[in-house]
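Architecture and fold: a report
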Amino acid sequence: MATLLGIGSIVLLAIACWAGLLLVLLAQRLARLRWRTVRARTMAREDIPTAHRQGMDVAGAQLEQLGFIYRYSASANKAVVLPDDEFSYFDVYQHTEGHSHVLVSLAPVPSAHDACMLQFITSFDDGCNWLTLNRCRHFSPMRLARWKVFDDYLPRWQQAWQRHLRRVQTARSPVLTDATVVQQRLYQSFETLISEMAARGDLAPIVGSPFFRLTWMAALRFAAIALAGQWRATWALAGTPPPPSSNPEAAAAHRADADLRVFQEQMALRRSTTYSIRTQWLIFAVTALLFLLVGGWTFSWSLVPILLAVIAIHEGGHYLAMKLTGHRNVAVFFLPGLGGVATGEKAHASPLEKLAVYLAGPVPGLLLAGVAFWLNSSGVWAGPAWLSQFLIVSLVINYFNLLPIVPLDGGRVLEALVFSRLPRLRLGFTLICCVALFGLGVMLEEMVLELVAVLLAFGLPQHWRLMQLDLAVRRETDGATPVADETRGLQDIFAALQAPRFQAWSFAKRAAAAGALLPELLGRKPRLGESVVGIAIYLACLLAPMAAVAVAVPNLSDVIAAVTPTFAIAADDVDAEPLPAQPPPEPDWEAQIANASALPKEQLLRAYLGAAGQANDVGNGTLARKQYLNAWELAQALPLRDPRRIDALEGLFSVAESDVERDGYANIILTELAQPQGSERARVAWIKEQQASGERNPAQRVQLLQDAVALRAEGAGAPATSASHASLHLTQLSLANALDANLDAAGARAVLQQRIDSLALPEAADRSRQALEVRTRRVLAQVDLAWFFMGHGRAREALVVAEQARQVLPAKTTVSWIFPSLKVWEALVWAQLLAPPTTALARHWRSYETAQRDALAGSRKLLYHEVDRALVAQALADASMMAQAQAGIDEARAKLPSRARDTSRDPSMLCKPAPKPEGYANWRMPQHEARRLMLAQLGGCAPQ
């Protein structure tokens, strides 16, 4: 159920994003249009161009059958400025009863149902006018004073006429029948349209020109009306067949001409309304700001600026490549929460130009990040503190974009070079990409990938329509030679669209499919050599980073194996909790220190401590020591017990170059913090723990750790999942080990048992993250006690404790249980091996093997694990299993570095007796000794 709800949420979010994106893109296009005053003039009917006349006459004949009489014809310039500045033409008819007029013009969007747009007009003596449209209101959402517009979105215009008549019958004012006055009102409405829109705030004048533009709010409103109206119009015609025609071939030719005319008008209008450089930068800046706000609010305020910079560089590569290859209308903008987009137009782009554009985004980003990463890591150039994070994000995002998945750049490369002219395979490839992208998002628990996959799935119907049209378009060649010109290509496309199976498509769908197919008809199909070279270049770009990483990180397979389990294992089954607040980014301490003379002493002290901590974290002990000494020079003037004094002293203690120096700083801290209070207890406990890890005799080590445990217990409190309680838990383990080394096994066992008892098992119904942490820590504490028993030859007691831990393990291993499960099954197997084995050993071994595979995400052979297999085989008297273990040992040793294969010279390997650390107990001595003897028995150790 939770999975279904999650998928449902992703789908709903995708729908919202899809609708929002369409709304914004359409509003952008509307906001770029230029508007002007409309003026109409009466003209002779025979002067109307033939293409307009033929369609209008068909509607006129139908109107005459309903009692309408032709009155006059007219033309008007269009309110929206078009490149060809073509006029619109219309006929006006009046009903024989005089109560209504109808204005007939070609439909703004061609349709097999209606070739013309009919506007039924009734005027009244009180100055009001009623206008009824049919499925066209969204094309003219303007409002005029004393004009009331209706549109019921009905399948037939005859139904709209009947609805208009019924409305007129309810009017209270007398109907105006004077045709001359109606004509004056109609012409006046044309002339006052722009001024009324400007007065209402829908239009704003363009400085230095007679034209106007829609305001952004008006553009958004018009866009929303257009999208909703288009959906209503499509829904109204669903299941309604177009009216039959007496001459189907002539009707199809007329529809094709109408489609072509309107499509070319829209295309010319889109090309003429290019963005100015100023507007492009404004869109870039506004969408970048929205990206920052959305990303910071939903993800991370510290990471989103880095993410924005990486995406900007990536899209900038596409932008430059488009400019260099002659693309038009090139622009870059961001999609908040999703990424960035670079757009451009070039119908005749060659296959290799497309390849250059697609690779220009990720490849430069990978090269720049790789070089900078090498310079920074090799010490040639020390960048700022945020550089490493920037480089990692750049490498991940750019390499991810090279994956062969649409809509990523790698998928676009395959589309251009492999699936061009193969519409069925292209559709299948897109479908596979949807599934792969969604699966990748689920595996990585990355909602953005799931969202993009669902958005891509929303486009599958368009891909299906494109495939259908591509297969239907007549081609004179095999596609290797492009269509001669754009007009010829569009004629072929719209001629094919007149087939009966395409008549159910709305004009918007036909136009979208035509626009997508046109570049393929105009472009050239990649030659075999171009495809081979292009794919070779793409594979080189895809594989080169992997090869570079493999060379730079020889143990890459081990690193991947260590991190892969979090991807392969199910997520923890816990209740959702709010994300912790992101810590503020750490200041640039070195930059502050560079301006030391201008800083007050307190701020300079913080800068020294911060810079020292950063240097210590990255292993630069020399710089850390220098800055800690600078900090101590300032901190000595502070009062005793001041936290900043202790910070400086602890830092010097951590970077001390000798035990004498360390003890000196430790004694200063312990002297100043005598009888510690509050947070001071944790500081003193840490010092004592560090002292205990040095060269101390067992009694001294026990005393120091007992003091540390007492201090941490005073400050631990509740809950058991707090950081202070976790630190207490670790210190108790060290104390138990030190007590055992000091021959106090009873005391060690008591401490180990106390660790378990302090972590009471939560209720089974408690699915909180805190309850999960308590369960896993308790299980690991029980494993520690089990190994204590095995170290003392009490394997039966170890088996009891390990079995108690096993009962807490969940039926399904999740991420947080990978390590605890592995340790529990290991303890159970070894308790069986060190005690008289039972029939449960085989079952426990199988569970241990499963846990081992989960932890390593694969079947990689590990020497110690294969030796364990041999020990289990010996205990079970299983010859087949022993042979498997022998083969596994040989394979594991063959993969060791050459210097490590001679195990007689390598004390870290199993062939050497385990060294007993000074002052510490080694509870795994029996395990190591059993492994050493078995490995020697199987010939895995060189003769001594």
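As the structure is a prediction and not an experimental result, all values here were calculated from the model.

In this section: the overall build of the protein chain. The number of helices and strands found in the protein chain is 37 helices and eleven strands. The buried share among the 944 residues of the protein chain stands at 45%. A fraction of 64% describes how many contacts in the protein chain between residues 6 or more apart in sequence connect residues 24 or more apart. Split by element, the accessible area of the protein chain, about 47100 Å² in all, is 61% carbon and sulfur.

Once that is clear, we can look at the environment of Gln230. Its location among the elements puts Gln230 in helix H5 (residues 216-237). Put simply, Gln230 and Arg137 are 93 residues apart on the chain and 9.5 Å apart in space, counted from C-alpha to C-alpha. Those residues in contact with Gln230, other than ones at most four positions away along the chain, are His138 and Ala508.

Moving on, we get to helix H28 (residues 723-741). Between its terminal C-alpha atoms H28 stretches 28 Å, which fits the 27 Å expected from 19 residues at 1.5 Å a residue. All of the buried residues along H28 are His725, Leu728, His729, Thr731, Gln732, Leu735, Ala736, Asn737, Ala738, Leu739 and Asp740.

So, on to the nonpolar core. The biggest cluster of nonpolar side chains holds 65 residues, and the ones touching the most others in it are Met790, Val867 and Leu935. Setting aside residues no more than four positions away along its own chain, Met790 makes contact with Ala795, Ala798, Ala827, Trp830, Ala831, Leu834, Trp923 and Pro926.

Bringing the environment of Gln188 into the picture now. In this fold, Gln188 is placed in helix H4 (residues 179-200). Assessed through its relative accessible area of 49%, Gln188 is described here as partly exposed. Separated by 148 residues in sequence, Gln188 and Ala40 place their C-alpha atoms 8.8 Å apart.

Quick look at the packing of helix H32 (residues 818-834) against helix H37 (residues 925-937) now. Where H32 meets H37, the closest approach of the two axes is 11 Å, and the angle between their N-to-C directions is 70 degrees. Relative to H37, the element H32 is oriented roughly perpendicular. Across the interface between the two elements, Glu826, Trp830 and Leu834 from H32 touch Pro926, Gln927, Ala930 and Arg931 from H37. Among the residues forming the contact of H32 with H37, the class breakdown is four nonpolar, one polar and two charged.

Under the criterion given, the structure shown has 14 aromatic pairs. A ring pair is formed by Phe90 and Phe190, whose centres lie 5.9 Å apart and whose planes are at 65 degrees; its orientation type is edge-to-face. Of this pair, Phe90 sits in strand S3 (residues 87-95) while Phe190 sits in helix H4, placing them 100 residues apart in sequence. Between the aromatic rings of Phe653 and Trp686, the centroid separation amounts to 5.6 Å while the plane-to-plane angle is 70 degrees, which identifies the pairing as edge-to-face. Residue Phe653 is found in helix H24 (residues 643-654), and its partner Trp686 is found in helix H26 (residues 680-692); the two are separated by 33 residues along the sequence. Following the ring pairs from residue to residue traces out a cluster consisting of Phe68, Phe120, Trp157 and Trp161. One residue, Arg662, lies across the ring of Phe653, its end atom 4.5 Å from the ring centre.

Before going further, it helps to spend a moment on the sheet that holds strand S5 (residues 116-123). The strand order across the open sheet built from seven strands is S1-S2-S3-S4-S5-S6-S7, with neighbouring strands paired in mixed fashion. Edge strands, defined here as strands with exactly one partner in the open sheet, are strand S1 (40-43) and strand S7 (147-151). Averaged over all adjacent pairs, the angle separating strand axes in this sheet is 30 degrees, with direction ignored. When strand S6 (residues 129-133) meets S7, the two strands line up parallel, connected through five bridges. Bridge pairing in S7 links Trp130 to Lys148. Helix H2 (residues 50-65) contacts strand S2 (68-77), S3, strand S4 (101-106) and S5 of the sheet and is inclined by roughly 150 degrees relative to S4.

Right, let's talk about the confidence of the model for the protein chain for a bit. The share of residues in the protein chain with pLDDT of 70 or more is 86%, and the mean pLDDT across the chain is 81. Here helix H36 (residues 898-901) stands out as the least confident element of the protein chain, with mean pLDDT 44; S6 is the most confident, with 94. Note that pLDDT drops below 50 for residues 559-568; the model gives that stretch 13 contacts with residues more than four away or on any other chain. Residue range residues 898-908 is modelled with pLDDT below 50. Its contacts to residues more than four positions away, or to other chains, number 19 contacts.

In this section: the pairing of S3. Where burial is concerned, most of S3 is hidden: seven out of the nine residues are buried. As paired elements, S2 and S3 share nine bridges and run antiparallel to each other. Following the sheet pairing, Ile69 is matched in S3 by Gln94. For S3 and S4, the ladder comprises four bridges, and the chain directions are antiparallel. Its bridge partner being in S4, Asp91 is matched across the sheet by Val104. The hairpin turn running from S3 into S4, its antiparallel successor, is five residues long, and Gly98 in that turn takes a positive phi close to 80 degrees.

Turning to unusual backbone geometry, a few remarks are in order. Even without glycine at this site, Tyr153 takes up a positive phi of about 50 degrees. Here Tyr153 is to be found in the loop between S7 and helix H3 (157-169). Tyr153 gets classed as buried once you look at its relative accessible area, which sits at 10%. The backbone of Arg641 sits at a positive phi, close to 70 degrees, despite the residue not being glycine. Structurally, Arg641 can be placed in the loop between helix H23 (621-635) and H24.

The next point concerns the packing of H28 against helix H29 (residues 745-757). In the contact formed by H28 and H29, the axes pass within 7 Å of each other and the chain directions differ by 165 degrees. On the basis of the axis angle, H28 is roughly antiparallel to H29. In this structure, H28 meets H29 at a crossing whose hand is left-handed. The segment H28 lies against H29, with His729, Gln732, Leu733, Leu735, Ala736, Leu739 and Asp740 engaging Ala745, Gly747, Ala748, Val751, Leu752, Gln754 and Arg755. Taken together, the residues that form the contact of H28 with H29 break down as eight nonpolar, four polar and two charged.

Position of Arg465 relative to the elements: it lies in helix H15 (residues 460-472). Excluding residues that lie within four positions of it along the chain, Arg465 makes contacts with Trp505 and Lys509.

Regular strands have side chains that alternate between both faces of the sheet. Counting buried residues along S4, six of its six residues qualify, which places the element largely inside the surrounding structure. Pairing geometry for S4 and S5, over six bridges, is antiparallel. Residue Val104 lies in a different strand from S5, and its bridge partner there is Leu118.

With that out of the way, let us pick up the pattern of salt bridges. Inspection of every chain in the model, using the stated rule, returns 33 salt bridges. The partner of Glu866 in a salt bridge is Arg869, and the shortest N-O contact between them spans 3.0 Å. Of this pair, Glu866 and Arg869 both sit in helix H34 (residues 863-876), three residues apart, roughly one helical turn. No difference in accessibility class separates Glu866 from Arg869, as the two residues are buried. Here the salt bridges do not stand alone but share partners, grouping Lys823, Glu826, Asp868, Arg924 and Arg931 into one network.

A word on helix H30 (residues 769-791). Between its terminal C-alpha atoms H30 stretches 33 Å, which fits the 33 Å expected from 23 residues at 1.5 Å a residue. The buried fraction of H30 amounts to 17 of the 23 residues, a majority that puts the element mostly inside the structure. After H30 finishes, the residue Gly793 shows a positive phi value of roughly 70 degrees.

Let us look at the side chain of Glu315. Following the sequence through the fold, Glu315 ends up in helix H8 (residues 304-324). Of the buried charged residues, Glu315 lacks a salt bridge, with Arg412 as the closest side chain of opposite charge at 11 Å. With residues up to four places along the chain from it excluded, the contact list for Glu315 reads Val332, Gly340, Val341 and Ala342.

Calculation notes
Residues numbered from 1 in each chain as written. Predicted model: local features only at pLDDT ≥ 70, side-chain atom pairs only at ≥ 80, totals over all residues. Heavy atoms only, no water. Helix = DSSP H or I, 4+ residues; strand = E, 2+ residues; numbered from the N terminus. Buried < 20%, exposed > 50% of the residue type's maximum accessible area, 1.4 Å probe, protein only. Contact = heavy atoms within 4.5 Å. Areas by Shrake-Rupley, 256 points an atom, 1.4 Å probe, with all protein chains shown as cover. Expected span 1.5 Å × (residues − 1). Core = buried A, V, L, I, M, F, W, Y, C linked by side-chain atoms within 4.5 Å. Axes fitted to C-alpha atoms, helices over the stretch in contact; angles between N-to-C directions. Parallel < 35°, antiparallel > 145°, perpendicular 65-115°, else oblique. Nonpolar A, V, L, I, M, F, W, Y, C, P; charged D, E, K, R; others polar. Phe/Tyr/Trp six-rings, centres within 6.5 Å; stacked < 30°, edge-to-face > 60°. Lys NZ or Arg CZ within 6 Å of the ring centre and 35° of its normal. Pairing = 2+ DSSP bridges. pLDDT = per-residue confidence, 0-100. Left-handed = near helix turned anticlockwise from the far one by under 90°. Salt bridge = Lys/Arg side-chain N within 4 Å of Asp/Glu carboxyl O. Lys, Arg positive; Asp, Glu negative; His and termini not counted.

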